[in-house]
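What follows is the residue order along each chain.
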Amino acid sequence: MAIQNETPFIAHVFVCTNDRGGERKSCADGKSELVKATLKELVDAKGWKGKVRVSSSGCLGVCSAGPNVMIYPQKVWFSNVSPDDVDEIVAVIESCVGEG
């Protein structure tokens, strides 16, 4: 039987890294793997390990607006993300963590 728990993270950041292999637009077309890697590096550098988790996600259903990044449980959604947007995303995470 499944055990229900509360999330241990203040914020969980999901970066869609879905790749459709060129069949149609997908988040991976917009360097979402680089976005995720950079977010992970910055989260670690800020000392937020255990407070903030950055994870890959599969398709979020809005590929045409991708790459997409969402932050839960804060219900924050970024679309058309590029590596240049990472600092803006980190600023939002910082406010979620209470350090902004």
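Note that the structure is a prediction, hence the values are computed from the model and not measured.

Chemist: Before we go on, may I ask you to explain the pattern of salt bridges in this structure?
Modeler: When the charged atoms of two side chains lie near each other, side chains of opposite charge can form a pair. Per the counting criterion, the structure on display carries one salt bridge. The closest approach of N and O atoms between K46 and E94, which form a salt bridge, is 3.2 Å. In this pair, K46 sits in the loop between α1 (32-45) and β2 (52-57) while E94 sits in helix α2 (residues 86-97), placing the two residues 48 residues apart along the sequence. Judged by its relative accessible area of 40%, K46 falls in the partly exposed class.

Chemist: How should the environment of K31 be read in this particular structure?
Modeler: Relative to the helices and strands, K31 resides in the loop between β1 (11-16) and α1. With 17 residues separating them along the chain, K31 and W48 place their C-alpha atoms 24 Å apart.

Chemist: Explanation requested: the pairing of strand β3 (residues 69-72) in the structure shown.
Modeler: Within a regular beta strand, the side chains point alternately toward one face of the sheet and then the other, so they alternate between its two faces. The pairing of β1 with β3 spans four bridges and is antiparallel. Along β3, the bridge assignment pairs V13 with I71. The pairing of β3 with strand β4 (residues 76-78) spans three bridges and is classified as antiparallel. By the bridge assignment, V69 is partnered in β4 with F78. From the end of β3 to the start of β4, which pair antiparallel, there are three residues, and K75 there has a positive phi angle of about 60 degrees.

Quick notes on the rules
- Residues numbered from 1 in each chain as written.
- Predicted model: local features only at pLDDT ≥ 70, side-chain atom pairs only at ≥ 80, totals over all residues.
- Heavy atoms only, no water.
- Salt bridge = Lys/Arg side-chain N within 4 Å of Asp/Glu carboxyl O.
- Helix = DSSP H or I, 4+ residues; strand = E, 2+ residues; numbered from the N terminus.
- Buried < 20%, exposed > 50% of the residue type's maximum accessible area, 1.4 Å probe, protein only.
- Pairing = 2+ DSSP bridges.

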